[in-house]
Amino acid sequence: MIYDVNGNALTDAYDVNGNALAQAYDINGNPLMDLTLKVMTYNVGQWYIGNGSVVPSAKDAQYYALQNAIIGGQDADIVTMQEYTKQFSGTGRTAKSLLEQYYPYVHEESGTSNYFGRAIASKYPIASYTANVYADDANGRYYDMAVIQIGSRQIDVIVTHLHPSDQSEKIRTAKILFDYAQTLPNPYIIGGDFNSTLKDPFSTVNAAIYDQFLNAGDTIANDGAFGILPTACNSDNWAAESFAIDNIICAEGITIDAVWTDQTKLTDSIQEGKIDHIPLIAEVTIS
């Protein structure tokens, strides 16, 4: 960390022309400050109500405004998305046209079905993108990775979506995800729909998914220091179910400073009670 003449910690660095820099360095190229990012993971439910369809033309304007309120309002630096479709609505409006209002770098992938499309959107350049499908998975579930370039730093960002009901398959693919993450050369952040509830009788499965990361020194946003934050519901009664389906995992060396959910959908009348997922957001610091 560096300080101004009055001893106040500086959170931004600028070049001689007053342009903001992502990172400041000393004469030897060593970082002078930590890097703070806001990361969001969001199962968009095909942008509609989680039923695998795009937004009907009649509700295009309403849902476009709803998603703008969420994505633009949170203003995250990096977003990982699941159940993503490139076509936003029946009018032909694209998802990219929504995201590119806020993100100059968007990579989107179609899936083998409507539920397996995915995207990573970033304010920083995506240096490369690797699309991975879990071995022996008949449905095309994935663990894609984007290398994000922030100044001279690189971080690896993974988006994933695990099986909703087959517990052994969930554990199997989570192990593949963990093993893959350990091969990455850069600090990694994983955002996704883990389909893992922190509520009995699935606590054993949940431990099998996350303990391998925790034992390696990683931290998890949902059910970490900030407790359980429900992000999904299987019925219209959100309050009656304490599911914590979505999560963000940060590699050792990345500190999770704050975690919250965007509850816009819970109070927006156009959802008509069919919420499916809400976003999970974490503010993190990379030393």
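Just above, that's the structure.
In this report, the structure presented in the accompanying data block is examined.

Reading the values: rules and limits
Per chain, residue numbering runs from 1 following the sequence as it is written. Two thresholds apply to this predicted model, a pLDDT of at least 70 for residue-level local features and 80 or more for giving and counting side-chain atom pairs, whereas whole-chain, interface and lining totals are computed over all residues. Computation of side-chain values: all heavy atoms of the structure, hydrogens and water removed. In this scheme, strands are said to pair when DSSP sees at least two bridges between them. Only DSSP runs of H or I with at least four residues qualify as helices, and only runs of E with at least two residues qualify as strands; both kinds are numbered from the N terminus onward. Only the six-membered ring of Trp is used, alongside the rings of Phe and Tyr, when aromatic pairs are assigned; centres must lie within 6.5 Å, and planes under 30 degrees apart are stacked while those over 60 apart are edge-to-face, with the rest tilted. With a 1.4 Å probe rolled over the protein chains alone, any residue whose accessible area is under 20% of its type maximum counts as buried; one over 50% counts as exposed, and the rest are partly exposed. Two conditions define a charge sitting above a ring: the NZ of Lys or the CZ of Arg must be within 6 Å of the ring centre, and it must be within 35 degrees of the ring normal.

1. Quick notes on the sheet that holds strand S9 (residues 153–161)
One open sheet holds the six strands; their spatial order is S7-S8-S9-S10-S12-S11, and the pairing between them is mixed. This sheet does not close on itself; its edge strands, each paired only once, are strand S7 (126–130) and strand S11 (219–220). With two bridges connecting them, S11 and strand S12 (residues 246–250) associate as antiparallel partners. Paired with Ile220 across the strands is Ile249, a residue of S12.

2. Re the packing of aromatic side chains
In this structure the tally under the stated criterion is eight aromatic pairs. Look at Tyr64 and Phe88: their rings are 5.6 Å apart centre to centre, the planes differ by 85 degrees, and that puts the pair in the edge-to-face class. Note that Tyr64 is positioned in helix H1 (residues 60–74) and Phe88 in the loop between strand S4 (78–82) and helix H2 (95–99), a separation of 24 residues in sequence. For the residue pair Tyr64 and Phe88, the accessibility class agrees, reading buried in each case. Put simply, the rings of Trp47, Tyr64, Tyr84 and Phe88 touch in pairs and so form one group of aromatic residues. The ring of Tyr64 has Arg93 lying over it, and the distance from NZ or CZ to the ring centre is 3.6 Å.

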